[in-house]
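Here are the chains, one letter per residue:
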Amino acid sequence: MQNKVYENVFYFSHINAIGGVETFLYYLSKTYNNFVVYYKDDKSDMAQIDRLSDRVEVHKWKGERIKCKRAFWNYNPEIIDYVDADEHIQIIHMNYKSQNRVPNIHPKITRWCGVSKVACQEFEELSGKKCELLYNLVALDTPKKVLKLISATRLSSEKGREEMIKFGSTLDSFGIPYLWLVFTNDWNVIRNPNIIYMEPRL
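Being a predicted model, the structure only gives us computed values, none of them experimental. Every residue gets a number counted from 1 within its own chain, in the order that chain's sequence is written. With the structure being a predicted model, the display of local features is reserved for residues of pLDDT at least 70 and the display and counting of side-chain atom pairs for 80 or more, all residues being used for whole-chain, interface and lining totals. Only heavy atoms go into the side-chain values, all of them from the structure, while hydrogens and water stay out.

## Topic: the nonpolar core
By size, the foremost hydrophobic cluster in this structure holds 22 residues, and its most contacted members are Y38, I66 and W73. What counts as a helix is a DSSP run of H or I of at least four residues, what counts as a strand is a run of E of at least two, and both are numbered from the N terminus. Elements represented by at least two residues in this core include exactly β1 (5-12), β2 (35-39), β4 (66-73), β5 (83-92) and α3 (117-127). Considering every element that reaches this core, the biggest residue donor is β4, with four residues. Apart from residues lying up to four places away in sequence, W73 is in contact with Y11, I79, I80, V83, H88, I89, Q90, I91 and I109. Formed by 19 residues, the second largest nonpolar core is a distinct cluster that contains F12, F35, I91 and C113. Note on terminology: a nonpolar core comprises buried Ala, Val, Leu, Ile, Met, Phe, Trp, Tyr and Cys residues joined through side-chain atoms within 4.5 Å. Throughout, exposure labels follow a simple rule: accessible area from a 1.4 Å probe, protein chains only, divided by the maximum for the residue type, with under 20% read as buried, over 50% as exposed, and the rest as partly exposed. Contacts between residues were defined by any pair of non-hydrogen atoms, one from each residue, lying within 4.5 Å.

## Side note on the sheet that holds β2
Read across the sheet, seven strands follow the order β3-β2-β1-β4-β5-β6-β7 without closing on themselves; strand pairing throughout is parallel. Each end of this open sheet is capped by a strand with a single partner; those strands are β3 (57-60) and β7 (132-133). Here the rule is simple: two strands pair whenever DSSP picks up at least two bridges between them. Sheet topology places β4 next to β5; seven bridges connect them, and they run parallel. Its bridge partner being in β5, A71 is matched across the sheet by H88. A fitted line through C-alpha atoms represents every axis, and for helices the fit uses only the stretch in contact; the resulting angles, taken between N-to-C directions, go from 0 to 180 degrees. This element, helix α1 (residues 20-31), spans β1, β2 and β5 of the sheet and lies at about 155 degrees to β1.

## Re the pattern of salt bridges
Here, a salt bridge means any Lys or Arg side-chain nitrogen found within 4 Å of an Asp or Glu carboxyl oxygen. All told, the structure shown has eleven salt bridges when counted by the stated rule. Taking the shortest distance from any N to any O, the salt bridge between K108 and D81 comes out at 3.0 Å. Of the two residues, K108 is situated in the loop between β5 and β6 (111-114) and D81 in the loop between β4 and β5; the sequence distance between them amounts to 27 residues. Its salt-bridge partner being E87, residue R111 comes within 3.2 Å of it at the nearest N-O pair.

## As for the side chain of N8
With respect to the element layout, N8 can be found in strand β1. Only 3.1 Å separates the side chain of N8 from the backbone oxygen of N34, close enough to count as a polar contact. Ignoring anything within four residues of it in the chain, the contact list for N8 reads N34, F35, V36, R70 and F72. A 3.5 Å cut-off defines polar contacts: any pair of N or O atoms within that distance qualifies, except that in protein one atom must be a possible hydrogen donor and the other a possible acceptor, and neighbouring residues in sequence count only when both atoms are side-chain atoms.

## Some points on helix α4 (residues 161-173)
Under the convention used throughout, the expected extent of a helix is 1.5 Å for every residue step, that is, one less than its residue count. Over its 13 residues, α4 runs 19 Å from end to end, which matches the ideal 18 Å to within 8%, given 1.5 Å per residue. Buried within α4 we find R161, M164, G168 and L171. Seen along its axis, α4 keeps its buried residues to an arc of 85 degrees; they face one direction. For α4, the exposed residues set more than 90 degrees away from the buried face come down to K166 and S173. In this structure, the buried residues of α4 make contact with β8 (147-152) and β9 (178-183). Taken from the helix axis, the directions to the C-beta atoms give the arc we talk about.

## A word on the packing of aromatic side chains
Stacked, tilted and edge-to-face are the three classes applied to pairs of Phe, Tyr and Trp rings, where Trp contributes its six-membered ring and a pair requires centres within 6.5 Å; stacked means planes under 30 degrees apart, edge-to-face means over 60, and tilted covers the rest. Taken as a whole and assessed by the stated rule, the structure comprises eleven aromatic pairs. Look at W61 and Y82: their rings are 5.1 Å apart centre to centre, the planes differ by 65 degrees, and that puts the pair in the edge-to-face class. Linking W61 in the loop between β3 and β4 with Y82 in the loop between β4 and β5, this pair joins segments that are 21 residues apart in sequence. Relative to F123, the ring of W112 lies with its centre 5.9 Å away and its plane at 35 degrees, an arrangement referred to as tilted. Of this pair, W112 sits in strand β6 while F123 is found in helix α3, placing the two residues eleven residues apart along the sequence. A residue is classified by how much of its surface remains accessible, and W112, at 9% relative accessible area, is buried. Using a relative accessible area of 1% as the deciding quantity, one classes F123 as buried.

Right, dumping it as structure tokens:
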């Protein structure tokens, strides 16, 4: 039994490796730390969960009751009957009408907030409910200087493939941020997250 009363709780059935909801949560956590995230799906992305956990509490929901002042829901308020909250707020991240989708409206929801004018307008048109505009936060990091490299080559041994691997490893070991565009039609790729392969162009 959970006796703690949280200020704000965000629930997402699934946390993806990448997406608009994940970006929304990350930027929110960079600005505020007075919320808790609950998720349900075992297949949720652990890298995203770890990144959030550095800033806010993140819990896998296991059937317990949750108490909070405000509960925030995405499109699926599936555990709302297990959440005791003064307010239930649904955040509209989707343009429902354009996507030919129907919003999932639960009778316990007390407010709706959309992340864009179009999302609000389409939701109001389909549901008849008032939707407040609440833009996504953007909290930018201090920009880092990034070394930019460009190569146009085949990735064979005589063209310096091993030297490219060693150079990338050296940059990594010194913590130098870099972005390396490699224009090639040779897909003997070097596994390095900083290298982006491009189709060759004359």
